[in-house]
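# Results of the structural survey
Here is how the chains run, residue by residue.
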Amino acid sequence: WRKSPTLYGNLASCQVRLGHFEEALATLDQATRFSTPTAGMRNSRGLALWNLGRTEEARAEFDRAIAETPSAVPARVNAILLDARTGQVHEARAR
């Protein structure tokens with residue numbers, strides 16, 4: 001179980017929902033030592049970064065998730081929300 005990207009991704013998602021953003025980033029860092037990040041993992045990282053006020057890094061994670069997995073709806077929705085909330089309305093509409 002120690003090398004299960006699904007387990008780490010799910011744990012990080014729970015940590016984000018609980019507001020444990022730094023822990024979520026640490027969990028995702030552990031997962032990337034042995035696995036390529038999935039769109040879900042990138043989305044969780046983006047949410048954690050966003051909640052820590054690191055919006056440019058968050059946007060980059062959402063964009064990577066979308067580029068690697070165009071069907072990644074949660075990452076696309078979060079990218080749109082982030083763009084809209086940071087005043088980048090044109091970018092949000094283009095997504």
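Conventions used here
Residues numbered from 1 in each chain as written. Predicted model: local features only at pLDDT ≥ 70, side-chain atom pairs only at ≥ 80, totals over all residues. Heavy atoms only, no water. Phe/Tyr/Trp six-rings, centres within 6.5 Å; stacked < 30°, edge-to-face > 60°. Helix = DSSP H or I, 4+ residues; strand = E, 2+ residues; numbered from the N terminus. Buried < 20%, exposed > 50% of the residue type's maximum accessible area, 1.4 Å probe, protein only. Core = buried A, V, L, I, M, F, W, Y, C linked by side-chain atoms within 4.5 Å. Expected span 1.5 Å × (residues − 1). Arc of directions from axis to C-beta. Axes fitted to C-alpha atoms, helices over the stretch in contact; angles between N-to-C directions. Parallel < 35°, antiparallel > 145°, perpendicular 65-115°, else oblique. Left-handed = near helix turned anticlockwise from the far one by under 90°. Contact = heavy atoms within 4.5 Å. Nonpolar A, V, L, I, M, F, W, Y, C, P; charged D, E, K, R; others polar.

### Things to note about the packing of aromatic side chains
- By the definition in use, this model includes two aromatic pairs.
- Between Trp50 and Phe62 the ring centres are 6.4 Å apart and the planes differ by 80°, which places this aromatic pair in the edge-to-face class. Here Phe62 lies in helix 4 (residues 55-68) and Trp50 lies in helix 3 (residues 39-51), a separation of twelve residues in the sequence. Accessibility assignment for this pair places Trp50 and Phe62 in one class, buried.

### A word on the nonpolar core
- Of all hydrophobic cores here, the largest spans 21 residues; its most connected members are Ala48, Ala58, Phe62 and Ala75.
- Mapped by element, the contributors of at least two residues to this core are helix 1 (5-17), helix 2 (21-31), helix 3, helix 4 and helix 5 (73-85).

### Some points on helix 1
- With 13 residues, helix 1 ought to run about 18 Å at 1.5 Å a step, and its terminal C-alpha atoms sit 18 Å apart, in line with that.
- Taken residue by residue, helix 1 has Tyr8, Gly9, Ala12, Ser13, Gln15 and Val16 as its buried positions. In a view along the axis of helix 1, the buried residues occupy a sector of 160°, so they form one face of it. Relative to its buried face, helix 1 has exposed residues pointing more than 90 degrees away, namely Thr6 and Arg17.
- A positive backbone phi angle near 85° is found at Gly19, which sits one or two residues after helix 1.

### Notes on the packing of helix 4 against helix 5
- Contact pair helix 4 / helix 5: the axes reach a minimum separation of 9 Å and the direction vectors enclose 150°. Taken together, the axis directions place helix 4 and helix 5 in an arrangement best described as roughly antiparallel. The interaxial crossing formed by helix 4 with helix 5 has left-handed handedness. Residue-level inspection shows Thr55, Ala58, Arg59, Phe62, Ala65 and Ile66 of helix 4 in contact with helix 5, the latter providing Ala75, Arg76, Asn78, Ala79, Leu82 and Asp83.
- Looking at the contact of helix 4 with helix 5 residue by residue, the class counts come to seven nonpolar, two polar and three charged.

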